[in-house]
Amino acid sequence: MTAILEVFNLTKSFRSLRAVDDVSFAIPKGSCCGLLGPNGAGKTTTIEIIENIKQATSGKILYKGKLRDSQFSSETGIQFQTTALMDYLKTREVLKLFSKLYRHTQSIDDLIEICQLEEFLETYATKLSGGQRQRLLLAIALVNDPEILFLDEPTTGLDPQARRNFWTLIRNIKKRGKTVLLTTHYMEEAELLCDQLVIMDQGKVIADGSPSALLKKNFNHSYVCLDREDFNNAHDSSHINCISSPIEIREDCIAIPTNDVEKTLSELISKNITLQSLQVRKPSLDDLFLKLTGHHLRE
């Protein structure tokens, strides 16, 4: 697929700190790319440079094969992680205000339909719930009918239902041929929405590819998982060493990578280890992130 955005050897230094270190990746047109990384990984600085909010120390960014210019600005939509909305303006009035800032805009009726704003058009923007507020901010980012949409942790703080409703909106936007660059702290969100993942740590890109390709490249086993309290004497070496596979002691569970689930279960049973909380699952993006960076995404 043709890349709509290409990043080449991007760096950003703050005195002695190199926050972004030789970052390169490309985003195909019409795809959703997830930019992931722990706090301090450099992803926020990277996305702000791409958005033209910050200047790079070095490197090059191409939009539609050319250096960014006024076309990039007019064809970009951004939903920031935090945005202040005006007092005493209702939802419909906020949309009208922002639509006056651009030469080319989508119709307000289309924005209302796309972002499902019908139920609170006459509600003051400062009185909206978390999910309603995020849907309005998404509509603002879409006012100029952008080709590429930047979403910075758009579902942080939302309840599970509001988060899933927002996922539906993003899928619908993708169906309209838009390109999305998403940052998120939710692995499930990344796995469900993203065609491509760019994972950063300590300012560098440490992985780039589709979720399925990255999982296939890094894992060839399943996990047998048990709650720590159900793993008798989990910190006792006589139990830990009784399993032929290496054991991963995590905060929430004991994870045993294995290519032979039946053999591993037999070993556990033979040592009278409780299986009440047993789960057998394939590796997830959370496992991938833990393997590549040494910690969970939300830490």
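Each chain has its residues counted from 1, running along the sequence as written. Per-residue local features are limited, in this predicted model, to residues with pLDDT of at least 70; the limit for side-chain atom pairs, both in listing and counting, is 80 or more; totals at the level of whole chains, interfaces and linings are taken over all residues. Derived side-chain values reflect all non-hydrogen atoms in the structure, with water molecules and hydrogen atoms excluded from consideration.

Visitor: What should I look at first to understand the nonpolar core in this one?
Guide: One recurring pattern in soluble globular proteins is that nonpolar side chains are buried together. By nonpolar core we mean a set of buried residues, namely Ala, Val, Leu, Ile, Met, Phe, Trp, Tyr and Cys, connected to one another through side-chain atoms within 4.5 Å. Buried, partly exposed and exposed residues are distinguished by accessible area as a fraction of the type maximum, computed with a 1.4 Å probe on protein chains only: under 20%, between the cut-offs, and over 50%, respectively. Formed by 49 residues in total, the largest nonpolar core has its most connected members in Leu 117, Leu 136, Leu 138 and Leu 142. A total of six residues in this core trace back to one element, the largest contributor, which is helix α5 (residues 130-141). Core analysis: the next-biggest nonpolar cluster, separate from the first, contains 22 residues, Val 20, Phe 25, Tyr 63 and Leu 181 among them. What counts as a helix is a DSSP run of H or I of at least four residues, what counts as a strand is a run of E of at least two, and both are numbered from the N terminus.

Visitor: Would you explain the layout of surface pockets in this entry?
Guide: Space left empty within the atom packing is revealed by a probe, the size of a water molecule, rolled over the atoms. A 1.4 Å probe that fits into a set of points on a 1 Å grid over the protein atoms alone but cannot get out defines a cavity; an open set with protein on both sides within 12 Å along at least five of seven lines defines a pocket, and lining residues are those with an atom within 4 Å of a point. Grid points are joined across faces, edges and corners, and a volume is the space filled by probe spheres set on the points. Of the voids in this model, the largest pocket is the one considered here, and its volume is about 240 Å³. Together, Ser 73, Thr 76, Gly 77, Ile 78, Gln 79, Phe 80, Thr 83, Phe 98, Tyr 102, Leu 137, Ile 140 and Ala 141 line the largest pocket. Taken together, the elements giving at least two residues each to the lining of the largest pocket come down to β6 (76-79) and α5. For the lining of the largest pocket, the element with the highest residue contribution is β6, accounting for four residues. By residue class, the composition of the lining of the largest pocket is seven nonpolar, five polar and no charged. Roughly 200 Å³ of volume is contained in the second largest pocket. Along the walls of the second largest pocket sit 13 residues, with Cys 225, Asp 252, Cys 253, Gln 279 and Arg 281 positioned nearest its centre. At the level of secondary structure, the elements contributing two or more residues to the lining of the second largest pocket comprise β11 (222-226), β14 (279-281) and α11 (285-293). Each residue gets one of three labels, nonpolar for Ala, Val, Leu, Ile, Met, Phe, Trp, Tyr, Cys and Pro, charged for Asp, Glu, Lys and Arg, and polar for the others, Gly among them. Across the lining of the second largest pocket, the residue classes tally to three nonpolar, four polar and six charged.

Visitor: Explain the side chain of Arg 250 to me, please; I cannot follow it from the model alone.
Guide: Here Arg 250 lies in the loop between β12 (248-249) and β13 (254-258). Arg 250 gets classed as buried once you look at its relative accessible area, which sits at 8%. Side chain to side chain, Arg 250 and Glu 248 meet in a polar contact 2.6 Å long. N or O atoms within 3.5 Å of each other form a polar contact, as long as, within protein, one can give a hydrogen and the other can take it, and as long as residues adjacent in sequence are counted only when both atoms are side-chain atoms. Within the structure, the side chain of Arg 250 is placed 2.6 Å from the side chain of Asp 287, a separation counted as a polar contact. Setting aside chain neighbours within four positions, we find Arg 250 in contact with Tyr 223, Arg 228, Ala 255, Arg 281, Asp 287 and Leu 290. A contact between two residues is defined here by any heavy atoms of the two lying within 4.5 Å.

Visitor: What should I look at first to understand the sheet that holds strand β10 (residues 204-209) in this one?
Guide: Whether parallel or antiparallel, the strands of a sheet pair through hydrogen bonds between backbone atoms. When DSSP locates at least two bridges between a pair of strands, those strands are taken to pair. An order of β6-β7-β8-β3-β9-β10 is seen for the six strands of this open sheet, with the pairing classed as mixed. Lying at the two open borders of the sheet, with one neighbouring strand each, are β6 and β10. This sheet shows a mean twist of 15° between the axes of neighbouring strands, independent of strand direction. Strand direction decides the pairing type here: β6 and strand β7 (residues 148-152), joined by four bridges, are parallel. Within β7, the position partnered with Gly 77 by the bridge is Leu 149. Axis definition: a line fitted to C-alpha atoms, over the contacting stretch in the case of helices. Angles run 0 to 180 degrees between N-to-C directions. Along the sheet, α5 contacts β6 and β7; its crossing angle with β6, the most-contacted strand, is approximately 160°.

Visitor: Would you mind showing me how to read a negative patch on the surface here?
Guide: Patch membership needs two things, relative accessible area over 30% and no salt bridge, and members are linked within 9 Å if like-charged or within 5 Å if nonpolar (Val, Leu, Ile, Met, Phe, Trp, Tyr). Method for areas: the Shrake-Rupley scheme with a 1.4 Å probe, in which residue coverage is limited to the protein chains shown. One speaks of a salt bridge when a side-chain nitrogen belonging to Lys or Arg is within 4 Å of a carboxyl oxygen belonging to Asp or Glu. Note that His is not counted, nor are the chain ends; the positive residues are Lys and Arg, and the negative ones are Asp and Glu. All charge positions are set by atom: Lys at NZ, Arg at CZ, Asp at CG, Glu at CD. Together, Asp 109, Asp 110, Glu 113, Glu 118 and Glu 119 line one region of the surface with negative charge. Structurally, Asp 109 can be placed in helix α4 (residues 108-114).

Visitor: Got a minute to help me understand the sheet that holds β14 in this structure?
Guide: Taking strand neighbours across the sheet as the criterion, the four strands line up as β12-β13-β11-β14 in an open arrangement whose pairing is antiparallel. The sheet is open, and its two borders are formed by β12 and β14, each paired with just one other strand. One ladder, built from two bridges, connects β12 with β13; its direction is antiparallel. Bridging from a neighbouring strand, Glu 248 pairs with Ala 255 of β13. Contacts from helix α10 (residues 261-270) reach β11, β13 and β14, with the element oriented near 25° to β11.

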